[in-house]
Amino acid sequence: MRYIFGMWAAPMAIFWGWFYLSANDLNFGYVMLSRRTHDFFFQLYGQMLGIDPSIIPGMVAKTCIFDGFLLLALWAFRRRREIAGWISRRWAVQVPFDRLHRATEAGPKFPAE
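Described in the following lines is the structure provided in the data block. Within each chain, residue numbers correspond to sequence positions counted from 1 in written order. The predicted origin of the model limits local features to residues at a pLDDT of at least 70 and limits the giving and counting of side-chain atom pairs to 80 or more, whereas totals for whole chains, interfaces and linings rest on all residues. With hydrogens and water excluded, all non-hydrogen atoms of the structure serve as input to the side-chain values.

### Considering the overall build of the protein
Our working rule: Here a helix means four or more residues in a row that DSSP labels H or I, a strand means two or more in a row labelled E, and each is numbered from the N terminus. We compute the radius of gyration over the C-alpha atoms and compare it with the globule rule, which gives 2.2 Å times the number of residues raised to the power 0.38.
Across its full length, the protein holds five helices and zero strands. Of the regular secondary structure in the protein, the N- to C-terminal order runs α-α-α-α-α. For 113 residues, the compact-globule estimate of 2.2 N^0.38 gives 13 Å, and the C-alpha radius of gyration of the protein, at 25 Å, exceeds that figure by more than 25%. Reported as C-alpha extents along the three principal axes, the dimensions of the protein are approximately 65 × 50 × 30 Å.

What follows is the structure, encoded as structure tokens:
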């Protein structure tokens, strides 16, 4: 599973790193990180897709979030027995009375109340 997460996270880190650096024109002398290249690629993608280039980063972000939730769901499905056991152990533990009392008692009384 870690390899799947790695194969997903590595391109995301590369893309979003490039996006941040090129959008802010932090190019360090590399043409690929310049704002002109950034605008050129998004203009090209916008023409290929037939959409406004300014909405492409938002579409990519939504896709990354969806893919992340999909991977987390796959991970949770594979670990469902361990997760269910952890939840049942958490519910089985009785909370000590003094700790419960501290959590449910009314706070300090202030003079203005």
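There is more to say, and it comes next.
### Structural notes on the side chain of Ser22
As a reminder, the rule being used: Residue contacts are counted whenever heavy atoms from the two residues lie within 4.5 Å of one another.
For Ser22, the position within the fold is in helix H1 (residues 2-23). Leaving out residues up to four positions away in the same chain, Ser22 has contacts with Leu33, Ser34, Arg35 and His38.

### What about the packing of helix H3 (residues 56-78) against helix H4 (residues 80-92)?
This is how the line gets drawn: With axes taken as lines fitted to C-alpha atoms, and helix axes fitted only over the stretch in contact, angles between N-to-C directions fall between 0 and 180 degrees. Just so you know how the angles are binned, under 35 degrees is roughly parallel, over 145 roughly antiparallel, 65 to 115 roughly perpendicular, and the rest oblique. Each residue receives one of three labels: charged for Asp, Glu, Lys and Arg, nonpolar for Ala, Val, Leu, Ile, Met, Phe, Trp, Tyr, Cys and Pro, and polar for the others, Gly being one of them.
Their axes nearest at 4 Å, the elements H3 and H4 cross at an angle of 75°. Comparing the axis directions of H3 and H4 gives the class roughly perpendicular. Seen from H3, the contacting residues are Trp75, Ala76, Phe77 and Arg78; seen from H4, they are Arg80, Glu82 and Ile83. A class-by-class count of the residues in the contact of H3 with H4 yields four nonpolar, no polar and three charged.

### Some details on unusual backbone geometry
To be explicit about the condition: Only protein chains enter the accessibility calculation, which uses a 1.4 Å probe; a residue whose area is less than 20% of its type maximum is buried, one above 50% is exposed, and one in between is partly exposed.
Even without being glycine, Asp25 reaches a positive phi, approximately 55°. As for its position among the elements, Asp25 is in the loop between H1 and helix H2 (35-49). Since its relative accessible area comes to 40%, Asp25 is described here as partly exposed.

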